[in-house]
Amino acid sequence: TSAADAAPPVAARPADAPGTYWVTNPTSGVELYATVMVPETWTGDALPTLVIIPGGIDDSASITERGLGIRAAERGYVVVAFDADGRGRSAGEEGHSGFTQQDGLAAVIRFAADLPEVDTERMGMMSSSYGITLASGVLARYPDLPIAFLIDWEGPADRNDTTVGCKPSPKYHWPPCSVDAAWAEREALTFIADVAVPYLRIQSQRDHVQPDVSHAVHMVNAAIEGVSPWVRLNDLPPN
């Protein structure tokens, strides 16, 4: 169900460096650390913008301090990244990308959309690996967000993929696969059918985690059968 109608105004304040902010998650009350990277060549016009979600339960440093975020900014994009509850510089509890962390991402997107450097007509989202759960969850539950497309790199579809066969992990404290209520907040395959924007899945034949690519097939098929107007796997024909 959509949480959009109940969304309160976004509370935010500058953080300790240019382009950094504290954005309050309205659900947890925690201030989330957010970064808005603006190209050095910015002249004041609104620019195309990418909200980038890292893989696993990584924080925004993996985007803003190396790799994709820097390359996107060099190519003229504004980049928005944030630390979800319990990650990086944000306080709170790690929720393994359930509803509370999705609510925080929605607040960050609403905040960024009001910045003069952000063109809300050209604002998209990219996710890496498990970041698809956060990305698809927020788009399914907040369909009014000004996000024009979703790019998903090799994200897991469901609890079996996420836990790689429901195996215990020393790094991730996933809910037991038998707890349906917990996984109702954390399975991208559930959310993707309700994502109403164009969806591009990027997938290699040899996945970075999974033993095969069935999860990509499941995600693409669910999106096609859902409400997205355009779905594509790699460079294959749409839909």
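To be clear, the structure that these remarks concern was listed above.
Model, not experiment: these values are computed from the prediction.

Chemist: Explain the overall build of the chain to me, please; I cannot follow it from the model alone.
Modeler: Tallying secondary structure elements over the chain gives eight helices and nine strands in all. Against the 2.2 N^0.38 benchmark of 18 Å for 239 residues, the chain shows a C-alpha radius of gyration of 17 Å, consistent with a compact globule. Its C-alpha atoms give the chain principal-axis dimensions of about 45 × 40 × 35 Å. Residue burial in the chain is summarised as follows: out of 239 residues, 52% are buried. Partitioning the contacts of the chain with sequence separation of at least 6, the portion at a separation of at least 24 is 69%. Summed over all atoms, the accessible surface of the chain reaches about 10,900 Å², with 54% contributed by carbon and sulfur. With 16 positive and 31 negative side-chain charges, the chain shows a separation of 5 Å between the mean positions of the two kinds.

Chemist: Where do I start with the packing of aromatic side chains in this structure?
Modeler: How two aromatic rings sit relative to each other is set out by the distance from centre to centre and by the angle between their planes. By the definition in use, this model includes five aromatic pairs. A centroid spacing of 4.8 Å and a plane angle of 65 degrees characterise the contact between Tyr 21 and Phe 111, whose relative ring orientation is edge-to-face. Of this pair, Tyr 21 sits in strand S2 (residues 20-24) while Phe 111 sits in helix H3 (residues 99-113), placing them 90 residues apart in sequence. Here the aromatic rings of Trp 174 and Trp 183 are separated by 6.4 Å at their centres, their planes lie at 35 degrees, and the arrangement is tilted. Taking relative accessible area as the criterion, Trp 183 reaches 0% and is therefore assigned buried. An aromatic cluster is defined as three or more aromatic residues linked by ring pairs; in this entry it consists of Tyr 130, Tyr 172, Trp 174 and Trp 183. Across from the ring centre of Tyr 33, 4.3 Å away, lies the NZ or CZ of Arg 89, which sits over that ring. The positively charged end of Arg 141 is found above the aromatic ring belonging to Phe 99, 4.1 Å away from the centroid.

Chemist: Would you mind showing me how to read the sheet that holds S2 here?
Modeler: Spatially, S1-S2-S3-S5-S4-S6-S7-S8-S9 is the arrangement adopted by the nine strands of the open sheet, whose pairing is mixed. On the outer flanks of this sheet lie strand S1 (12-14) and strand S9 (231-233), each paired with one strand and no other. Direction aside, the axes of adjacent strands within the sheet are offset by 20 degrees on average. As judged from the six bridges shared by strand S4 (residues 47-53) and strand S6 (residues 118-128), these two strands associate in the parallel manner. Of the residues in S6, the one forming a bridge with Ile 52 is Met 126. Along the sheet, helix H8 (residues 214-225) contacts strand S7 (150-153), strand S8 (199-202) and S9; its crossing angle with S8, the most-contacted strand, is approximately 170 degrees.

Chemist: Explain the side chain of Asp 161 here, please?
Modeler: Inspection of the secondary structure puts Asp 161 in helix H5 (residues 159-162). One buried charged residue, Asp 161, remains without a salt bridge, the closest side chain of opposite sign being Arg 201 at 7.3 Å. Non-local contacts of Asp 161, meaning those with residues more than four positions away in its chain, are made with Pro 156, Gln 210 and His 215.

Chemist: Would you mind showing me how to read the pairing of S4 here?
Modeler: The two faces of a sheet get side chains in turn, since along a regular strand they alternate between them. Judged by how many residues are buried, S4 sits mostly within the fold: seven of seven residues are covered. As judged from the three bridges shared by S4 and strand S5 (residues 78-82), these two strands associate in the parallel manner. Its bridge partner lying in S5, Thr 49 is registered against Val 78.

Chemist: Sorry if this is basic, but what is going on with the nonpolar core here?
Modeler: Side chains that are nonpolar tend, in soluble globular proteins, to be buried together. Counting 46 residues, the largest nonpolar core has Val 51, Phe 82, Leu 105, Met 125 and Leu 150 as its most contacted members. Among the elements that take part in this core, H3 stands out by supplying seven residues, more than any other. Setting aside residues no more than four positions away along its own chain, Met 125 makes contact with Val 51, Ile 53, Leu 105, Ile 109, Ala 135, Val 138, Leu 139, Ile 147, Phe 149, Leu 150 and Ile 151. Formed by nine residues, the second largest nonpolar core is a distinct cluster that contains Ile 63, Ala 73, Val 79 and Met 126.

Chemist: Can you walk me through the pattern of salt bridges in this structure?
Modeler: Note on pairing: side chains with opposite charge can pair once their charged atoms come close. Taken as a whole, this structure holds 10 salt bridges when the rule is applied. For Arg 159, the salt bridge is made with Asp 180, and the minimal N-O distance between the two is 2.7 Å. Of the two residues, Arg 159 sits in helix H5 while Asp 180 sits in helix H6 (residues 180-183), which places them 21 residues apart along the sequence. Each member of the salt-bridge network shares a partner with another, and the members are Arg 159, Asp 180 and Glu 187.

Calculation criteria
Residues numbered from 1 in each chain as written. Predicted model: local features only at pLDDT ≥ 70, side-chain atom pairs only at ≥ 80, totals over all residues. Heavy atoms only, no water. Helix = DSSP H or I, 4+ residues; strand = E, 2+ residues; numbered from the N terminus. Rg over C-alpha atoms; globule rule 2.2 N^0.38 Å. Buried < 20%, exposed > 50% of the residue type's maximum accessible area, 1.4 Å probe, protein only. Contact = heavy atoms within 4.5 Å. Areas by Shrake-Rupley, 256 points an atom, 1.4 Å probe, with all protein chains shown as cover. Lys, Arg positive; Asp, Glu negative; His and termini not counted. Charge placed at Lys NZ, Arg CZ, Asp CG, Glu CD. Phe/Tyr/Trp six-rings, centres within 6.5 Å; stacked < 30°, edge-to-face > 60°. Lys NZ or Arg CZ within 6 Å of the ring centre and 35° of its normal. Pairing = 2+ DSSP bridges. Axes fitted to C-alpha atoms, helices over the stretch in contact; angles between N-to-C directions. Salt bridge = Lys/Arg side-chain N within 4 Å of Asp/Glu carboxyl O. Core = buried A, V, L, I, M, F, W, Y, C linked by side-chain atoms within 4.5 Å.

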